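# A structural walkthrough
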Amino acid sequence: MKLRQREKAVSNPSAVIVLAAGQGTRMKSATPKVLHTMCGLPLVGHAISSAYEAGAADVVVVVRYQRDRVVEVVKALDENVLIADQDEIPGTGRAVQCGLNSLPNTLTGTVIVTSADVPLLEPETIQQLHALHETNQNAVTVMTTIVEDATGYGRMVRDHGALVGIVEHRDATEEQLEIKEINAGIYAFDAEFLRTALGKIDTENDQGEVYLTDTVAIAVKEGRRCGAFILEDQWQAQGCNDRAQLAELRDEMNRRILNQHMRAGVSIVAPCTTHIDVTVEIGPDAVIEPGTILEGDTVIEPYAVIGPNTTLRNVQVGTGAVITHSFLHDTEVTEGTVVPPFTYQNN
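Residues numbered from 1 in each chain as written. Predicted model: local features only at pLDDT ≥ 70, side-chain atom pairs only at ≥ 80, totals over all residues. Heavy atoms only, no water.

### Details of the environment of Lys180
- With respect to the helices and strands, Lys180 occurs in the loop between strand E9 (162-167) and strand E10 (181-190).
- In this structure Lys180 comes out as partly exposed when scored by relative accessible area, which is 37%.
- Spatially, the C-alpha atom of Lys180 lies 20 Å from that of Val118, the residues being 62 residues apart in sequence.
- Sequence-distant contacts of Lys180, defined by excluding residues within four places in its chain, comprise Thr145, Ile146, Val147 and Glu148. (Helix = DSSP H or I, 4+ residues; strand = E, 2+ residues; numbered from the N terminus. Buried < 20%, exposed > 50% of the residue type's maximum accessible area, 1.4 Å probe, protein only. Contact = heavy atoms within 4.5 Å.)

### Regarding unusual backbone geometry
- The linkage connecting Gly307 with the following residue, Pro308, adopts the cis geometry, with an omega of 10 degrees.
- Topologically, Pro308 is positioned in the loop between strand E18 (305-306) and strand E19 (311-317).

### Looking at helix H4 (residues 123-135)
- Taking 1.5 Å per residue as the helical rise, H4 with its 13 residues ought to reach 18 Å, and the 18 Å between its terminal C-alpha atoms agrees with that figure.
- Along H4, the residues classified as buried are Pro123, Thr125, Ile126, Leu129, His130 and His133. In an axial view of H4, the angular spread of the buried residues amounts to 160 degrees, which keeps them on one side of the axis.
- Along its buried surface, H4 packs onto helix H1 (43-53), strand E6 (110-115), strand E7 (140-146), E10 and strand E11 (226-230).
- One or two positions beyond H4, positive phi appears at Gln137, with a value near 55 degrees. (Expected span 1.5 Å × (residues − 1). Arc of directions from axis to C-beta.)

Here it is, written out as structure tokens:
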């Protein structure tokens, strides 16, 4: 399945670097975390899709764990994605440096850094981050959010309101652990600043890693502008670390997908029992009955009635067709056709 072509923004980031090198051990899976699927795409696919829809001129995916397997999936989604290999040096800073090295040395403008395990990040939010970053002429802009329980997250350190640094949870003082504003792990950088700052970061921290967050302290030391983009929709900053979080994020994405369809004129009788992939297209005045699952490259034309208790996967459904109590896979149902109940077709 390839990503759908979408209209790009007028003002484009020069590049988006997607971090996808980790194993994701808490998933307890032989499959890399970034390849676990959610609403029709692997996690990394959602990140790539949002980057392109936000208008990125180039998208780079940084890989390491099961490198060939991840690259195969990424290239199947969009062959234009650039691949960067992270070496043995650990840390997000090193991962971004590897990603940046895959882009031209003459690259200027804004580089956005995102993560492959934050699937609800919307392209409009990336655009807003980019706009704020360029309007304020920042060297670095960090996406943040406010949470009640900040355990495990990097804390945003401010001095009279100005952002002066980010401290990881494991390195934080007791006072810093009380901070509720956390690092969402998404950044906008001036490309030239990022290139020079990454060369100045060491591994003198609890984990012995190259922390990308150290770029903020470098910007402050050099008298460069740095700022924060405070994200109100916390779901967009939620990462996926285990199967329970994957299920929570899938439910939330599905809820948002259903709402988009309903606002576009689709009747969904029982949203709590309906699941629709992000890749599915549905025309207005179609009716989706309870217990329906719509997957893959399924297209449903107006006035069709689907369900109850029906699964369609990669099915083209014509105007006014009726499909109930059935499973159809890789087929076409022509306009006005009434499919007999309990039809099982798996081409």
